[in-house]
Amino acid sequence: MAYLLIVDDDADFANAVATVCRAMGHEAQIVSTPGETLPRVAERRPDAVILDVMFPEDPAAGFQVARDLRRHAPDLPILMLTAVNQQFPLGFSHRDIDPKWLPVTDFVEKPVDFAVLRERIARLLTGPRGEAQP
Amino acid sequence: MNGAADSAAPPARYRLAPVPEAPAGAPPPDAASEAAWIEPVLRANAVWFCQLRWLVVGVLLVVAASGLVPALPAAVGLRIQPLWPAVTAGVLAALNLEFMRRSRAAGGPGARGSIRAVLWAQIASDLVILTAVIYWVGPDWPAASFMYLFHIILACLVFSPGQSLAVLGLAAGLYGLSLWSVSRGWLPASTIRLEGTGSLGLPTPGQFWAGLVPMLLVWGVIWYLVSRLAATLRRRELELAETNRRLAASSEERAQHMLQTTHQLKAPFAAIHAMTQVLLGGYAGELPPPAREVAGKIADRCLALSRQIQEMLQLANLRSRAQTAPPLRPLDLAGVVREVLGRLEPAARQRRIRLDAALQPAPVQAAPDHLTMLVDNLVVNAVTYSHDGGVVEVTCAPEPGPAGGARLTVRDHGIGIAAEKLPRIFDDYYRTEEAVAHNRASTGLGLAIVRQVARATGATLEVESAPGRGTTFTVIFPGAHPVTAPAPNTPSAAQPQSHHGLPADR
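For every chain, the first residue of the written sequence is number 1, and numbering continues from 1 onward in sequence order. Chains and ligands are labelled by the order in which they are written, letters from A for the one and numbers from 1 for the other. Thresholds applied to this predicted model are a pLDDT of at least 70 for local features of residues and 80 or more for the giving and counting of side-chain atom pairs; totals over whole chains, interfaces and linings are not thresholded and use all residues.

Colleague: Mind showing me how you'd approach the overall build of chain A here?
Modeller: When helices and strands are tallied, chain A shows four helices and five strands. When its helices and strands are written in sequence order, chain A yields β-α-β-α-β-α-β-β-α. Any residue whose C-beta has 12 or fewer other C-beta atoms within 10 Å is treated as exposed, any with 20 or more as buried, and any in between as partly exposed, C-beta atoms being built from the backbone. Taken across its 134 residues, chain A has 46% of its residues classed as buried. Here contacts are defined at the residue level, using C-beta atoms placed from the backbone and a cut-off of 7 Å between them. Pairs at least 24 apart in sequence give 67% of the contacts found in chain A among residues at least 6 apart. Only DSSP runs of H or I reaching four residues or more are called helices, and only runs of E reaching two or more are called strands; each is numbered from the N terminus.

Okay, here's the thing in structure tokens:
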């Protein structure tokens, strides 16, 4: 059983993702603000983090959280899960995964099909660390 | 009540300043923004002056060389001592090397402002050297006073009117001093004329002033005209730079706003969709079949609405950006297609639609996001209007011939489009009756986006279709460089019953 930390300001969405994680036999906890993330990770290190990008505090807070997490836990798998468009305008996708700019392991766009989400979570927990898996 | 607290904390105040109007009649931009704009211009000018100065060094060396063969200057009534121009050329060259170094370094961090000092040093040393050369050539040389005009005019172009007037003053002072020194006998008179100084006669003080004052008047008139003209041009240029800055800022702001809007509109649907999947996946207990059907419809409508929002925003953004299109970059079309197919494959698989790809490396010039959007919309369109269990074939290949370019085809074997409806399929929200019957949820914006992107990329769109047999979209990207590649291996089309070519700038 793995421990997953979900960082998302949308409680309904985060709860639905947590439900999927739990149904997969994992433990899932939710953090609703970017600021809480690092202390929670320091308190108890998760096996993977599922991270949103846009928060009411800062539209790009997810990027900074990902960079901070990478600095403190270089091996921690991070799945970026966001309603930000993968395409234009100002979109980003797998192509933009970058050790400095977007240091995440994988990237999925909301709305997400739960079959896809389950597959990505499973891959995140078993895949080679820190590598993009398109 | 709460008097102590009220007096301790200043009252909160919020002021919404009106957006300043654009340049027409507006006060000139502040000094800081002017400095930021003018510094690179000054640096470019300082470097340019250095380049021009090498010409002068060259001319002086030629004059010195001609002095080595006295017969040559003597033929035009001159007598040249080679030492003078050679030494002057050497001094000028040494100074110029130093000026070049300083002009280039002046743009570096922490060196801001020193570019003016470099320019002043260049002008001052030029004027001193010019005065020395004019003294050597002789006071009776008719072009002497005009030589200073180059520096006065250049100063008017790069400096403020006050500063260029100071340059004029410096030139007048140096020229006057040299003439006065000769007229008072402080310096021996010099000339390059063969007749020698004896025939010249030294100017009296009265002749000195009679020569200097009209010259100063001419310089003054030229300074006034050029500095006024330069100031007007500089103000216009500054206003233009400010307008450009504002345009860029507003474009950036709009893109940020678009991103926020996309997120704000899509996020609730993502949450609703996630919750329907909690229901449909049985995570909240088994649902009776009628309830499953309702939850499934909610999920479908959520996805459709989410995509519609995305497409409306994309199209609005594409159109508003038409004047400031993002820069085109060399990209491999095959890589983009592969990525899009990878992303869309799960959705196609749900309808048992196979995505067949035959992709050759095909270099194109396009904006990466735009190209992804174009390919994505064409493949989504093909999948949407295919029958369940069908096949969508995607090919890309470089165009043969020296012009280069690339060709993308997306072929489905779905419902097809009647010939008379083909010219309208790229219109906003246009959907044929057959399309609506086949898929009610589609937005009718996907092909409008395709057309907009093709236009921005300079690509040509072609569509071939036969009702009931399917549709083939072809995008022909223009070539930037000649490509030497094998001929494309495009599958031959079954006799199309209709064909519609759509130039990108329709």
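Colleague: I tried to follow the interface of chain A and chain B on my own but got confused; where do I start?
Modeller: Where interface size is quoted, it is often the accessible area lost as the parts come together. Contacts between the two partners involve 24 residues from chain A and, on the opposite side, 31 residues from chain B. Broken down by secondary-structure element, the contributors of at least two residues to the side of chain A that touches chain B are α1 (11–23) and α4 (114–126) of chain A. Taken together, the residues of the side of chain A that touches chain B break down into 16 nonpolar, four polar and four charged. Residues are sorted three ways: Asp, Glu, Lys and Arg are charged, Ala, Val, Leu, Ile, Met, Phe, Trp, Tyr, Cys and Pro are nonpolar, and all the rest, Gly among them, are polar.

Colleague: What is the right way to read the nonpolar core from this model?
Modeller: A general feature of soluble globular proteins is that nonpolar side chains tend to end up buried together. Note on terminology: a nonpolar core is a set of buried residues of type Ala, Val, Leu, Ile, Met, Phe, Trp, Tyr or Cys, with members joined through C-beta atoms within 7 Å. Judged by nonpolar contacts, the single largest core of 51 residues is most densely connected at Ile6, Val17, Ile50, Leu51, Ala66, Leu79 and Met80 of chain A. Excluding anything up to four places from it in sequence, Val17 of chain A contacts Ile6 and Ile50 of chain A together with Ala274 of chain B. Ranked by size, the runner-up nonpolar core spans 48 residues in total, among them Leu408, Ala435, Ala454 and Val463 of chain B.

Colleague: Just checking my understanding: could you explain α1 of chain A for this structure?
Modeller: Three or four residues apart is the spacing at which side chains of an α-helix point the same way, because the helix has 3.6 residues per turn. Residues and elements named next belong to chain A. One less than the number of residues in a helix, times 1.5 Å, gives the span that helix is expected to have. Taking 1.5 Å of rise per residue, 13 residues should cover 18 Å, and α1 covers 18 Å from first to last C-alpha, within 8% of that figure. Taken as a whole, α1 has its buried residues at Phe13, Ala14, Ala16, Val17, Ala18, Val20 and Cys21. Downstream of α1 by one or two residues, Gly25 has phi in the positive range, about 95°.

Colleague: Please clarify how the confidence of the model for chain A should be interpreted in this entry.
Modeller: Caution applies to low-pLDDT parts of the model: their predicted coordinates are not meant to be read in detail. Looking at any residue, its pLDDT shows the predictor's confidence there, from 0 to 100. For chain A, the average pLDDT comes to 84, and 84% of its residues sit at 70 or higher. Considering only residues more than four positions removed or in separate chains, one finds that residues 130–134 of chain A, a stretch of pLDDT under 50, has twelve contacts.

Colleague: Is there a simple way to think about the sheet that holds strand β4 (residues 78–82) of chain A in this case?
Modeller: Across a sheet, paired strands are connected by hydrogen bonds in the backbone, their directions being either parallel or antiparallel. All names here are of chain A. DSSP bridges decide pairing: two strands pair if at least two such bridges lie between them. A sheet is described by the order of its strands in space; here five strands give the open sequence β2-β1-β3-β4-β5, paired in parallel fashion. A single partner strand is all that each edge strand has here, and the edge strands are β2 (27–31) and β5 (106–109). Across this sheet, the average inter-strand angle for adjacent strands is 20°, counted without regard to direction. Relative to strand β3 (residues 48–51), strand β1 (residues 3–7) is paired through four bridges, and the arrangement is parallel. Bridged to Ile6 within β3 is Ile50. Of the strands in this sheet, β1, β2 and β3 are in contact with α1, which crosses β2 at around 165°. Orientation is described by lines fitted to C-alpha atoms, with helices fitted over the stretch in contact, and by angles between N-to-C directions that extend from 0 to 180 degrees.

Colleague: Just to check I follow, could you spell out the confidence of the model for chain B for this structure?
Modeller: All names here are of chain B. Averaged over all residues, the pLDDT of chain B equals 80, while 82% of them reach at least 70. Ranking the elements of chain B by mean pLDDT puts strand β8 (residues 499–502) last, at 40, and strand β4 (residues 391–398) first, at 95. Low pLDDT, under 50, characterises residues 16–29; the stretch is placed with eleven contacts to residues that sit more than four places away or in other chains. Every residue in residues 481–506 is under pLDDT 50, and counting partners more than four places away or in other chains gives 46 contacts. Confidence estimates for the predicted assembly give a pTM of 0.52 and an ipTM of 0.82.

Colleague: Looking at this structure, I do not really get the packing of helix α2 (residues 34–43) of chain A against helix α3 (residues 61–72) of chain A. What am I missing?
Modeller: Two quantities define a packed helix pair, namely the angle between the axes and the distance from one axis to the other. Residue and element names in this part refer to chain A. It is the contact of α2 with α3, at a shortest axis distance of 10 Å, that shows an interaxial angle of 15°. Of the possible angle classes, the one that applies to α2 and α3 is roughly parallel. The handedness of the crossing between α2 and α3 is right-handed. On the side of α2, the interface is formed by Pro34, Thr37, Leu38 and Val41, while α3 contributes Ala61, Val65, Asp68, Leu69 and His72. Along the lines of polarity and charge, the residues of the contact of α2 with α3 split into six nonpolar, two polar and one charged. Note on terminology: angles under 35 degrees are roughly parallel, angles over 145 are roughly antiparallel, angles of 65 to 115 are roughly perpendicular, and the others are oblique. When the near helix sits turned anticlockwise from the far one by under a right angle, the crossing is termed left-handed; a clockwise turn instead gives a right-handed crossing.

Colleague: Even after reading the chapter, I still don't get the environment of Asp10 of chain A, so can you show me in this structure?
Modeller: Here Asp10 of chain A shows up in the loop between β1 and α1. Separated by 23 residues in the primary sequence, Asp10 of chain A and Thr33 of chain A place their C-alpha atoms 9.8 Å from one another.

Colleague: Which parts of the structure should I look at to understand helix α11 (residues 333–350) of chain B?
Modeller: Residues and elements named next belong to chain B. Taking 1.5 Å per residue as the helical rise, α11 with its 18 residues ought to reach 26 Å, and the 26 Å between its terminal C-alpha atoms agrees with that figure. Bend angle per residue: angle between axes fitted to the 7 residues ending at that residue and the 7 residues starting there. By the largest-angle criterion, Leu344 marks the main kink of α11, which is about 45°, and a proline, Pro346, follows within four residues. Of all the residues in α11, the buried ones are Leu333, Ala334, Val336, Val337, Val340 and Ala348. Summarising the contacts, the buried residues of α11 are in contact with β1 (329–332), β2 (354–359), β3 (363–366), α12 (368–384), β4 and β5 (406–412).

Colleague: I'm lost on the packing of helix α5 (residues 114–137) of chain B against helix α7 (residues 149–158) of chain B in this one. Help?
Modeller: Residues and elements named next belong to chain B. It is at 11 Å that the axes of α5 and α7 come closest, and there the two elements cross at 170°. Considering their axes alone, α5 and α7 lie roughly antiparallel with respect to each other. In this structure, α5 contributes Leu119, Ile123, Asp126 and Leu127 to the contact, and α7 contributes His151, Ala155 and Val158.

Colleague: Would you mind showing me how to read the environment of Leu225 of chain B here?
Modeller: Residues and elements named next belong to chain B. Mapping Leu225 onto the fold places it in helix α9 (residues 205–280). Accessibility expressed as a C-beta count within 10 Å gives 12 for Leu225, which makes it exposed. Placed 69 residues apart in sequence, Leu225 and Cys156 show a C-alpha to C-alpha distance of 9.3 Å.

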